[in-house]
Number of protein chains: 10
Amino acid sequence: MTTTPPEPVRFLDKAGAGRIVDRLRIRRGLTWAEVAQAVGRAPVWTVAALLGKHPVPAEEAQAVGALLGLDDEVVEALQLQPTRTPDPETASDPTVYRFHEALDVYGAAIKALIHEEFGDGIMSAINFHLTVARRPDPDGDRVVVTFDGKFLPYQW
Amino acid sequence: MTTTPPEPVRFLDKAGAGRIVDRLRIRRGLTWAEVAQAVGRAPVWTVAALLGKHPVPAEEAQAVGALLGLDDEVVEALQLQPTRTPDPETASDPTVYRFHEALDVYGAAIKALIHEEFGDGIMSAINFHLTVARRPDPDGDRVVVTFDGKFLPYQW
Amino acid sequence: MTTTPPEPVRFLDKAGAGRIVDRLRIRRGLTWAEVAQAVGRAPVWTVAALLGKHPVPAEEAQAVGALLGLDDEVVEALQLQPTRTPDPETASDPTVYRFHEALDVYGAAIKALIHEEFGDGIMSAINFHLTVARRPDPDGDRVVVTFDGKFLPYQW
Amino acid sequence: MTTTPPEPVRFLDKAGAGRIVDRLRIRRGLTWAEVAQAVGRAPVWTVAALLGKHPVPAEEAQAVGALLGLDDEVVEALQLQPTRTPDPETASDPTVYRFHEALDVYGAAIKALIHEEFGDGIMSAINFHLTVARRPDPDGDRVVVTFDGKFLPYQW
Amino acid sequence: MTTTPPEPVRFLDKAGAGRIVDRLRIRRGLTWAEVAQAVGRAPVWTVAALLGKHPVPAEEAQAVGALLGLDDEVVEALQLQPTRTPDPETASDPTVYRFHEALDVYGAAIKALIHEEFGDGIMSAINFHLTVARRPDPDGDRVVVTFDGKFLPYQW
Amino acid sequence: MTTTPPEPVRFLDKAGAGRIVDRLRIRRGLTWAEVAQAVGRAPVWTVAALLGKHPVPAEEAQAVGALLGLDDEVVEALQLQPTRTPDPETASDPTVYRFHEALDVYGAAIKALIHEEFGDGIMSAINFHLTVARRPDPDGDRVVVTFDGKFLPYQW
Amino acid sequence: MTTTPPEPVRFLDKAGAGRIVDRLRIRRGLTWAEVAQAVGRAPVWTVAALLGKHPVPAEEAQAVGALLGLDDEVVEALQLQPTRTPDPETASDPTVYRFHEALDVYGAAIKALIHEEFGDGIMSAINFHLTVARRPDPDGDRVVVTFDGKFLPYQW
Amino acid sequence: MTTTPPEPVRFLDKAGAGRIVDRLRIRRGLTWAEVAQAVGRAPVWTVAALLGKHPVPAEEAQAVGALLGLDDEVVEALQLQPTRTPDPETASDPTVYRFHEALDVYGAAIKALIHEEFGDGIMSAINFHLTVARRPDPDGDRVVVTFDGKFLPYQW
Amino acid sequence: MTTTPPEPVRFLDKAGAGRIVDRLRIRRGLTWAEVAQAVGRAPVWTVAALLGKHPVPAEEAQAVGALLGLDDEVVEALQLQPTRTPDPETASDPTVYRFHEALDVYGAAIKALIHEEFGDGIMSAINFHLTVARRPDPDGDRVVVTFDGKFLPYQW
Amino acid sequence: MTTTPPEPVRFLDKAGAGRIVDRLRIRRGLTWAEVAQAVGRAPVWTVAALLGKHPVPAEEAQAVGALLGLDDEVVEALQLQPTRTPDPETASDPTVYRFHEALDVYGAAIKALIHEEFGDGIMSAINFHLTVARRPDPDGDRVVVTFDGKFLPYQW
């Protein structure tokens, strides 16, 4: 106890890298749409990946690094393979909760209609993409979110 | 303890009515699409409502009753105001779970893009509809599920 | 194992009595407001008490019994002392959930302002009443729910 | 392991900014009511927003900064878009718990009366405001908390 | 599947016996204090034991049987050894919850003072009794509940 | 990323202040009883308040500060309004757990006897005090803990 | 309350059908291997499907019905589309728990090696089969369970 | 409070050592397969042990240290006896979740077939090894994971 | 809906058989020790097996059947392979809870000493037996419970 | 915000002291048995107490301090009164889990036999000790863990 060993190296993880990207993006006055354009990928993919849900390929990570002036450790962390864990805090936020609530109300109906149309199986969440769009409407514009995944039949 | 009072009346609840509707539909060889057409409502609404997630208006309840030969208590139960409670069993079924998993992966991105496009607020899950469709694809047909709700800004 | 003893008496509990009251009320085409008027109590109190959250005094229980044609066991069960347990199913219904969500967003602010205005203490939920009202509004009528409880200071 | 990379930037989040605002407010001897007046917004909104539940518009954030002598990073953090997550610690505090307890006792009655008065739908928690007031009473003053939200009918 | 075997014997359990005792007590207009007097035991012990938390000795079980006209199966069930399981429903009832809330506020202080006064150890909940009393008070009568258990030191 | 902003101020919270008070008390060889005497309050209140469960009035906070040599930030933190959250760690400690176990065994009986003696209502945990005492007994001294709160009737 | 409506039809669900199949199989002295052979499917698929985890095709359901003498309602229930919900009781049984424990110990390693060998993606649990085998070993025979699923790359 | 005692020594734990090993492995461009070869153990064992699930024998720990240039404290931490705790974050990652989902669907079948083949007992998760392999398949290569453990009969 | 299909067969499960055995044992005035002697097995094994935790071999099941006059369905149910699921109700009973509490206090020490004495591995709970005994002691007799299981080293 | 107050004193807690003791013990090549011998207490008590589950008397704490070269703050922390909280991480480790699993399988039998032998009551976990031993066995040595506690009858 008379000597204190040096504190071990602490590495930046993907979540930390995502927080840095988001805050610097705000400081530079850039929208996510602009970041996505600079990266050359779809907006939902870009936000999800930069916030830590996908490995960002080296080229895209460097493009973000150049856009936001990130140092090498952040660029490295963006490329790491993530562990994709549910985040209960995000799920309980009202903006996200409404989607889970809609699944609670319509989930059994979605399931019944998928089986009726396709047979026993699932919509893949891996071979999958998702879009967020605005649809103008005189009674108030609408948020339109589309889940689009390959059908996978149960196949023994 | 020498006398046994009559057992109190047991009423059919909406969940029970839904199970009866579903099983008789199968026995009569009807698809949900055919039931929806007979009722004159969208398929997702029809399945959700008949399985207990919406009050079924009297006219639609009677149409289903006629189609499936339901007795009056079932027709009455379909019209009751539901308590819309999440069903953990449905949520953990692989076909439904993939939607929650997609929200776990993309929820923060959906939230960020809604705020960027619309400002601080939510997609309504009340002024809302949802569709399930098949999109043909040479690499395997795709399940396309669309959430469509009015944007509601935080408004004090 | 050769003889089967008689099944023990089953008594109707308050929750069961509440379900009977509600269903017969619907069959007779009565609103809760009309039931409350017949009982001579405030509507929120009346619904809560008849659904099992308060002991219904004998006179009110008999008034309901006369109005809906209840048998004696139901009238007895309405008068029992309840155990007031939270019902997670009700709490997760969207109509009720919005109130819990509002408390999640504004709870800390409510607490801070109660302490600032009254000092260290609480709003009583026992010496307490609650109203539900409609306030007309050109942008859409509003639900106005008022919690009104005696302030109780921490007092050693 | 022979070199220690510099620790990545840590940014102040909204919760941290809220703690700074609250403690400096106390040190300067200011009530929330005075802060709200300086900001020009309702007290409940002001407390909730400054503690991290709403994005604070730039003008209001700067007004608070001037009032309390905040540095730029705190003023920036106040303006960020929040993730509004329930806080179980706050919900279990006796002052806040009494509101949840009241909902546990009266939630089903509130739901029944909203549906009876308005039809199938909800009180919005987004197009919504809330007040905390003192009502003098000879038997002990009362805490009066009013929830006021737009009615939203289920609308497919 | 062509024959249905006889349904197996169902035995009355202690919880069921407790419900029978309580309802018959009410129908006969007896208070718990009167039942306790007939049994010759303290009121808290009597209520707890008859509701299923203690084995009721044969003599006391028969005294209750005679008082309330119970049949033999109920008298037998009262004497069974219980499994004493916490009941979350009772614990969340406001009348009981206040005791748990007081332990949440004062538990650490109780622990510190027991250790200061007695050393490292516990109050036994087995060699233990508890009383509920009314203490008149001009500002409103008071509920006085006393926990009285033998101190047990940690003793290896 | 090239500059590191100064780390934001970290304030001492009530829990931290409580840990400092307790450890310095031990180092100075003072019992809680002696601290309570110096503060001029009951022992249970004193321990609970200093460990963070009550706002400590300025005079008492300064008395403790003088007794233990606390600096100003600790004295300030002791006076803050607490959020009184249950602490599952304390609740599961055997010394505290025995009290919850006793409530699990006797809670329904306490509830029944309060209602029988006082009517429908609760023991207040706010207008409330609690004592811990030793009662000599030839079979082993006993821990006697008394809950004493004002009865509050349900009052609409 | 003077008339009791007829109790609504109760349908046999898949779980109930599975219990009937299993008990009659035992009474007839048949192994699962023999049932699988009669059905003409792999043993794991056969047991899982008959216990309610897959829709059993009509032909296989009738084969089982003939083998075990099932009535029509059981044969119908076997063919229903299941909701595949996790069963915590089964998961905590020691024979099944050891598999979850192995995943707790080796799950991160499995994930790392899948990504190293295949890239970012998953083993499908839908396009998937599983075998249970005995491997003789002089130190004690071994249980060998093989998971075999198609690799699905994350594909936007 | 006027003097600050030195902060106590912080030791590197196994999880921290695992994070260092993984990040340095990536920086040096080494696959887990190459690390396993350098260590001379099976790949699944190597990854699990280095990430903290097994004590790494001194020789293997030093081999890894030499390969990656680890300092002594990391090499020491790798050798420590672990507490093998489930990691809910890893378990909910889609790549690992599919294995738990497969157990949810097939667990009861695995159990039934083990008992049928071996009698009452379990597959050991201690006398156990596991492999991850790729099986080429024209319809898409397959992930093949094999659990191989000694059968242990219940033996009193 | 005009015809009601016959209710499907209900089979007695192991838990139900255990309740029948226990109640008939009490009615016949037999101790578990006497039942164990009649069965010819150790008392702990006998109680556990008859209450549903082990398959009872045919001979032992018939011996119990003869002793207690059980009908064939009960004797059959005793022989079924159990799913051994934890029972939270039993675990929270004070008599059983004390064992879990002792593991909470001494578990880490047990683990450390097993590893020190035997190396990395576990005590088997499968190749395992357990005894309950009374040890006379002038300060009060003692309950002595011994866990005795084969050591299993981690063996890849 | 322009000045940063000094960070408050951080004290070493019992858990931290335990981690220091364990790591220094390893570095000095001492077994727990040797530490126990130096302290003069039983091994299980010694490990549990030093890892934070018991207050270590001053003399024993100083003996450990001398053995391992601990500084004064660590020696002080070892003597503190612990809050004995269950540690879910330890409980889920396979070596410890097997004991909980054995209680899940045999808990009801232990309870039944304690009541049969001693009457209604418990084994004390306070007046209690526990041993871990190795019993040689030709089929593999066995771990023998003995729970030995005073019987406490329910005594009102």
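Calculation criteria
- Residues numbered from 1 in each chain as written.
- Chains lettered and ligands numbered in written order.
- Predicted model: local features only at pLDDT ≥ 70, side-chain atom pairs only at ≥ 80, totals over all residues.
- Heavy atoms only, no water.
- Helix = DSSP H or I, 4+ residues; strand = E, 2+ residues; numbered from the N terminus.
- Rg over C-alpha atoms; globule rule 2.2 N^0.38 Å.
- Buried < 20%, exposed > 50% of the residue type's maximum accessible area, 1.4 Å probe, protein only.
- Contact = heavy atoms within 4.5 Å.
- Areas by Shrake-Rupley, 256 points an atom, 1.4 Å probe, with all protein chains shown as cover.
- Lys, Arg positive; Asp, Glu negative; His and termini not counted.
- Charge placed at Lys NZ, Arg CZ, Asp CG, Glu CD.
- UniProt positions renumbered as here; feature names shortened; annotations may be inferred.
- Pairing = 2+ DSSP bridges.
- Polar contact = N/O pair within 3.5 Å; in protein donor to acceptor, adjacent residues only side chain to side chain.
- Buried area = accessible area lost by both parts, 1.4 Å probe.
- Salt bridge = Lys/Arg side-chain N within 4 Å of Asp/Glu carboxyl O.
- Nonpolar A, V, L, I, M, F, W, Y, C, P; charged D, E, K, R; others polar.
- Axes fitted to C-alpha atoms, helices over the stretch in contact; angles between N-to-C directions.
- Least-squares fit on C-alpha atoms with pLDDT ≥ 70 in both.
- Domains from an automatic or database assignment.
- Phe/Tyr/Trp six-rings, centres within 6.5 Å; stacked < 30°, edge-to-face > 60°.
- Lys NZ or Arg CZ within 6 Å of the ring centre and 35° of its normal.
- Parallel < 35°, antiparallel > 145°, perpendicular 65-115°, else oblique.
- Left-handed = near helix turned anticlockwise from the far one by under 90°.

**Quick notes on the overall build of chain A**
Next, step 1: Looking only at helices and strands, one finds 7 helices and 2 strands in chain A.
Next, step 2: Written out in order from the N terminus, the α and β elements of chain A read α-α-α-α-α-α-α-β-β.
Next, step 3: Whereas a compact globule of 156 residues would reach a radius of gyration of roughly 15 Å, chain A reaches 20 Å, over 25% beyond that.
Next, step 4: Dimensions of chain A, computed from the C-alpha atoms along their principal axes, are close to 70 × 45 × 30 Å.
Next, step 5: Looking at chain A as a whole, 58% of its 156 residues qualify as buried.
Next, step 6: Considering only contacts within chain A whose residues lie at least 6 apart along the sequence, 54% involve residues at least 24 apart.
Next, step 7: As displayed, chain A offers around 6000 Å² of accessible surface, 51% of which is attributable to carbon and sulfur atoms.
Next, step 8: Charge separation in chain A, taken as the distance between the mean sites of 16 positive and 22 negative side-chain charges, equals 2 Å.

**Considering the UniProt feature "active site" (unreviewed entry) in chain A**
Next, step 1: Taking the numbering used here, the UniProt-annotated feature "active site" (unreviewed entry) corresponds to R98, E101 and S124 of chain A.
Next, step 2: By the element assignment, R98 of chain A lies in helix α7 (residues 94–118).
Next, step 3: The class for R98 of chain A is buried, based on a relative accessible area of 1%.
Next, step 4: Those residues in contact with R98 of chain A, other than ones at most four positions away along the chain, are I122, M123 and A125 of chain B, R98 and E101 of chain C together with I126 of chain D.

**Some words on the pairing of strand β1 (residues 121–135) of chain C**
Residues and elements named next belong to chain C.
Next, step 1: In this structure, β1 lies alongside strand β2 (residues 142–153), joined through 11 bridges in antiparallel fashion. Bridge assignment links R135 to a residue of β2, and that residue is R142.
Next, step 2: In this structure, the hairpin formed by β1 and β2 is closed by a connection of 6 residues, where G140 is found at a positive phi of approximately 120 degrees.

**Regarding the side chain of H54 of chain C**
Next, step 1: Its place among the elements puts H54 of chain C in the loop between α3 (43–50) and α4 (58–68).
Next, step 2: Within the structure, the side chain of H54 of chain C is placed 3.0 Å from the side chain of R84 of chain C, a separation counted as a polar contact.
Next, step 3: Apart from residues lying up to four places away in sequence, H54 of chain C is in contact with K14, W45, A48, A49, L78, L80, P82 and R84 of chain C, V105 and Y106 of chain D together with Y154 of chain F.

**Details of the arrangement of the chains**
Next, step 1: Structurally, chain C and chain H remain out of contact, their C-alpha atoms never closer than 24 Å.
Next, step 2: Taking C-alpha atoms only, the smallest gap left between chain C and chain J, which are not in contact, amounts to 23 Å.

**Observations concerning the interface of chain A and chain B**
Next, step 1: Taken residue by residue, the interface counts 66 residues in chain A and 66 residues in chain B.
Next, step 2: Contact between chain A and chain B buries roughly 6300 Å² in total, counting both sides, with carbon and sulfur atoms accounting for 67%.
Next, step 3: Contact with chain B buries area across many residues of chain A, yet Y106, V143 and F147 of chain A alone supply 11% of it, more than any other trio.
Next, step 4: Its salt-bridge partner being D148 of chain A, residue R135 of chain B comes within 2.5 Å of it at the nearest N-O pair.
Next, step 5: The tally of links between chain A and chain B comes to 27 residue pairs in polar contact (both at pLDDT 80 or more).
Next, step 6: Secondary-structure elements contributing two or more residues to the side of chain A that touches chain B are α2 (32–39), α3 (43–50), α7, β1 (121–135) and β2 (142–153) of chain A.
Next, step 7: Of all the elements, α7 of chain A adds the most residues to the side of chain A that touches chain B, at 24 residues.
Next, step 8: Grouping the constituent residues of the side of chain A that touches chain B by class yields 36 nonpolar, 13 polar and 17 charged.
Next, step 9: Direction of pairing for β2 of chain A relative to strand β2 (residues 142–153) of chain B: antiparallel, over a ladder of 9 bridges. Within β2 of chain B, the residue paired with G149 of chain A across the bridge is V143 of chain B.

**Examining helix α5 (residues 72–79) of chain G**
Next, step 1: For α5 of chain G, the tally of buried residues reaches 6 of 8 residues, placing the bulk of the element in the interior.
Next, step 2: Residues of α5 of chain G that are buried: E73, V74, V75, E76, A77 and L78 of chain G.
Next, step 3: In this structure, the buried residues of α5 of chain G make contact with α1 (14–27) of chain B together with α1 (14–27), α3 (43–50) and α4 (58–68) of chain G.

**A few points about the side chain of R142 of chain D**
Next, step 1: Mapped onto the elements, R142 of chain D comes out in strand β2 (residues 142–153).
Next, step 2: Of note is the side chain of R142 of chain D, whose polar atom sits 3.0 Å from the side chain of N127 of chain C.
Next, step 3: Within the local environment of R142 of chain D, its side chain forms a polar contact with the side chain of D148 of chain C, the two groups lying 2.4 Å apart.
Next, step 4: Leave out the neighbours within four places in its chain, and R142 of chain D touches F118, N127, F128, H129, D148, G149, K150 and F151 of chain C together with A133, R134, R135 and D137 of chain D.

**Here we look at the sheet that holds strand β2 (residues 142–153) of chain G**
Next, step 1: Strand order in the open sheet made by the 4 strands is β1(G)-β2(G)-β2(H)-β1(H), with antiparallel pairing throughout. A strand with exactly one partner marks an edge of an open sheet, and here the two such strands are β1 (121–135) of chain G together with β1 (121–135) of chain H. Going from strand to strand, the sheet's axes swing by 15 degrees on average, the running direction of each strand aside.
Next, step 2: Sitting on the sheet, helix α7 (residues 94–118) of chain G is in contact with β1 and β2 of chain G together with β1 and β2 (142–153) of chain H, with an inclination near 20 degrees to β1 of chain H.

**As for the relation of the copies chain A and chain B**
Next, step 1: Superposition of chain A onto chain B requires a rotation of 180 degrees combined with a translation of 0.0 Å along the rotation axis, giving an RMSD of 0.0 Å. What the rotation and shift describe, once combined, is the action of a two-fold rotation axis. Identified as the residue of chain A closest to the rotation axis by C-alpha distance is T146 of chain A, at 2.2 Å.
Next, step 2: With an isologous cut-off of 70% or more, the 100% of interface residues of chain A that recur at the interface of chain B puts this contact in the isologous class.

**Concerning the domain arrangement of chain A**
Next, step 1: Domain boundaries assigned for chain A yield domain 1 (14–78), domain 2 (87–116) and domain 3 (120–156).
Next, step 2: Placing a centre on the C-alpha atoms of domain 1 of chain A and another on those of domain 2 of chain A gives a separation of 28 Å.

**Observations regarding the packing of aromatic side chains**
Next, step 1: Counted according to the given criterion, the structure contains 60 aromatic pairs over all chains.
Next, step 2: On the basis of an interplanar angle of 25 degrees and a centroid distance of 4.7 Å, the ring pair of F118 of chain E and F151 of chain E is categorised as stacked. Residue F118 of chain E is located in helix α7 (residues 94–118), and its partner F151 of chain E is located in strand β2 (residues 142–153); the two are separated by 33 residues in the primary sequence. Per residue, the accessibility class of F118 of chain E equals that of F151 of chain E, and both read buried.
Next, step 3: An aromatic cluster of three or more residues is present, and its members are F99, Y106, F128 and F147 of chain A, F99, Y106, F128 and F147 of chain B, W156 of chain D together with W156 of chain G.
Next, step 4: When the ring centre of F118 of chain E is taken as reference, the NZ or CZ atom of R134 of chain F above it lies at 4.3 Å.

**So, the sheet that holds strand β1 (residues 121–135) of chain F**
By way of backbone hydrogen bonds, the strands of a sheet pair with one another, either parallel or antiparallel.
Next, step 1: Pairing is antiparallel across the open sheet formed by 4 strands, whose spatial order is β1(E)-β2(E)-β2(F)-β1(F). Edge positions in the sheet fall to β1 (121–135) of chain E together with β1 of chain F, since each has one partner strand and no second. When the angles between neighbouring strand axes are averaged without regard to direction, this sheet yields 15 degrees.
Next, step 2: Running at roughly 20 degrees to β1 of chain F, α7 of chain E makes contact with β1 and β2 of chain E together with β1 and β2 (142–153) of chain F of the sheet.

**Comments concerning the UniProt feature "domain: Cyanate lyase C-terminal" (unreviewed entry) in chain A**
Next, step 1: The feature "domain: Cyanate lyase C-terminal" (unreviewed entry), as given by UniProt, occupies residues 85–156 of chain A in the numbering adopted here.
Next, step 2: Taken end to end, residues 85–156 of chain A is 42% helix and 38% strand, and its first and last C-alpha atoms sit 28 Å apart.

**Some thoughts on the packing of helix α1 (residues 14–27) of chain D against helix α5 (residues 72–79) of chain D**
Residue and element names in this part refer to chain D.
Next, step 1: Two elements in contact, α1 and α5, have axes whose closest approach is 8 Å; the angle formed by their N-to-C orientations is 120 degrees. Considering their axes alone, α1 and α5 lie oblique with respect to each other. Judged by the sense of rotation from one axis to the other, the crossing of α1 with α5 is left-handed. Residue-level inspection shows K14, A17, I20 and V21 of α1 in contact with α5, the latter providing V74, A77, L78 and Q79.
Next, step 2: Taken together, the residues that form the contact of α1 with α5 break down as 6 nonpolar, 1 polar and 1 charged.

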